Amino acid sequence: MTPGSRNVAVIGVALSDCGRVDDATPYALHAQAARRALTDAGLDRSLVDGFASAGLGTLAPVEVAEYLGLRPTWVDSTSVGGSTWEVMAAHAADAIAAGHANAVLLVYGSTARADIRAGRRTGTLSFGSRGPLQFEVPYGHTLIAKYAMAARRHMLEHGTTIEQLASVAVQARANAALNPEAMFRDPVTVDDVLSGPMIADPFTRLHCCLRSDGGAAVLLAAEEYVQDCRTAPVWILGTGEHVSHSSMSEWPDFTVSPAAVSGRLAFSRAGVRPDDIDFAEIYDAFTYMTLVTLEDLGFCGKGEGGAFVEKGRLLVEGGELPVNTDGGGLSAQHPGMRGLFLLVEAVRQLRGEAGARQVRRRGGGGPPELGVASGTGGWFCSSGTVVLGRARP
């Protein structure tokens, strides 16, 4: 095959132990997820020649690769927050298509919850106070406060209600109830969300993601590897990435996320439209992220997100567009950066391996054909979107 002509598939996915994991290090969770993904694919570790990781080690991902016993000839340590893994998947797919690598392993692990419990870190993550952040940190402008400010702007400009935002959390929990691996599965109501303790106006506790431990791994490979794998391939059809801002003062519009660009690029490169997508896995550290990302990916118009989410459209059971089918960061797991978990769930859905939470093709019966995973990093600072499908391109 000529360079650039190879199709790329996801051939292995896995999670490590997740939720409450008090007796493991982040390295151990990386290793556990990686081993499980390789077992899932049925591919020998010696064939992995590419590696991507972020968030751990002084020389990430060199230290993690060493821990896993890998000596890759292609490596990526892109770090743009929660969207890192969708951006890395795009880079890996490009490298494989170009012939620079054959099989690339993406892996992540974190003991964010256990570290707080053991006093190894505080509950509030500091991004430092140098560079552009020096103009915001003195005023107590935390990450959650930035998301809350953006949500308030959407409410002001478009009439979005707090009840509509709360419905995102309610539907995420309903989907989590179908997922035996989800950390929280008991149903909640809009009133439950609204009556919780205030974290950052307008967000009460259930508007915010949970804090867990856990890891994930995704293995991408060139099409010639597919026939030797244990699992059905899920094809990378199109990707997009975009960075927007770091300072809130440089964000042109609080009601528009960088997914407006990454999504447009991914759909265009895949040759599909939002109406063709059967389900979506969207980064949901806060309820507002789900709502505004749905708008910016084109599933509804700008300002229509509130009405879109309140109709139950996000549910696995009976929803027109199931979103965060595992329960998302609001109910399933959220160990720091969750972008890789979106890809794992999307692949499981397209393989038909999701059990009670399995979705069907949009607008009809049969298994899903197309899914999208869209990650967000920072405070809507970055976005990576990946369109995946069952059919070979």
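Going by the structure above, here's the rest.
Residues numbered from 1 in each chain as written. Predicted model: local features only at pLDDT ≥ 70, side-chain atom pairs only at ≥ 80, totals over all residues. Heavy atoms only, no water.

**Looking at empty space enclosed by the protein**
Now for step 1: Within this structure, the stated rule accounts for two cavities of 30 Å³ or more.
Now for step 2: If you add up the space inside the largest cavity, you get close to 60 Å³.
Now for step 3: Around the largest cavity, the lining residues are Leu15, Asn179, Glu181, Asp326, Gln333, Phe341, Val344, Glu345, Arg348 and Arg357.
Now for step 4: When residues in the lining of the largest cavity are grouped by element, the largest group, four residues, is from helix 12 (residues 339-351).
Now for step 5: For the lining of the largest cavity, the per-class residue count stands at three nonpolar, two polar and five charged.
Now for step 6: Reported here for the second largest cavity is a volume of approximately 50 Å³.
Now for step 7: Lining the second largest cavity we find Val168, Gln171, Ala172, Asn175, Asp284, Thr290, Leu314, Val323, Asn324 and Leu330.
Now for step 8: For the lining of the second largest cavity, the element with the most residues is helix 6 (residues 162-176), which contributes four residues.
Now for step 9: In terms of residue class, the lining of the second largest cavity is made up of five nonpolar, four polar and one charged. (1 Å grid on protein atoms, 1.4 Å probe; cavity = no way out; pocket = protein on both sides within 12 Å on 5 of 7 lines; lining within 4 Å. Points joined across faces, edges and corners; volume = space filled by probe spheres on them. Helix = DSSP H or I, 4+ residues; strand = E, 2+ residues; numbered from the N terminus. Nonpolar A, V, L, I, M, F, W, Y, C, P; charged D, E, K, R; others polar.)

**Quick look at the sheet that holds strand 10 (residues 370-377)**
Now for step 1: The strand order 3-2-4-7-1-8-11-10-9 describes an open sheet built from nine strands, whose pairing is mixed. Since the sheet does not close on itself, it has two edges, and those belong to strand 3 (74-76) and strand 9 (279-282), each with one partner. With direction set aside, neighbouring strand axes in the sheet form an average angle of 25°.
Now for step 2: Examined bridge by bridge, strand 1 (residues 8-15) and strand 7 (residues 214-222) share seven bridges and lie antiparallel to one another. Its bridge partner being in strand 7, Val10 is matched across the sheet by Leu220.
Now for step 3: Its contacts with the sheet place helix 8 (residues 259-270) against strand 8 (234-243), strand 10 and strand 11 (382-389), and it is angled at close to 150° to strand 8. (Pairing = 2+ DSSP bridges. Axes fitted to C-alpha atoms, helices over the stretch in contact; angles between N-to-C directions. Contact = heavy atoms within 4.5 Å.)

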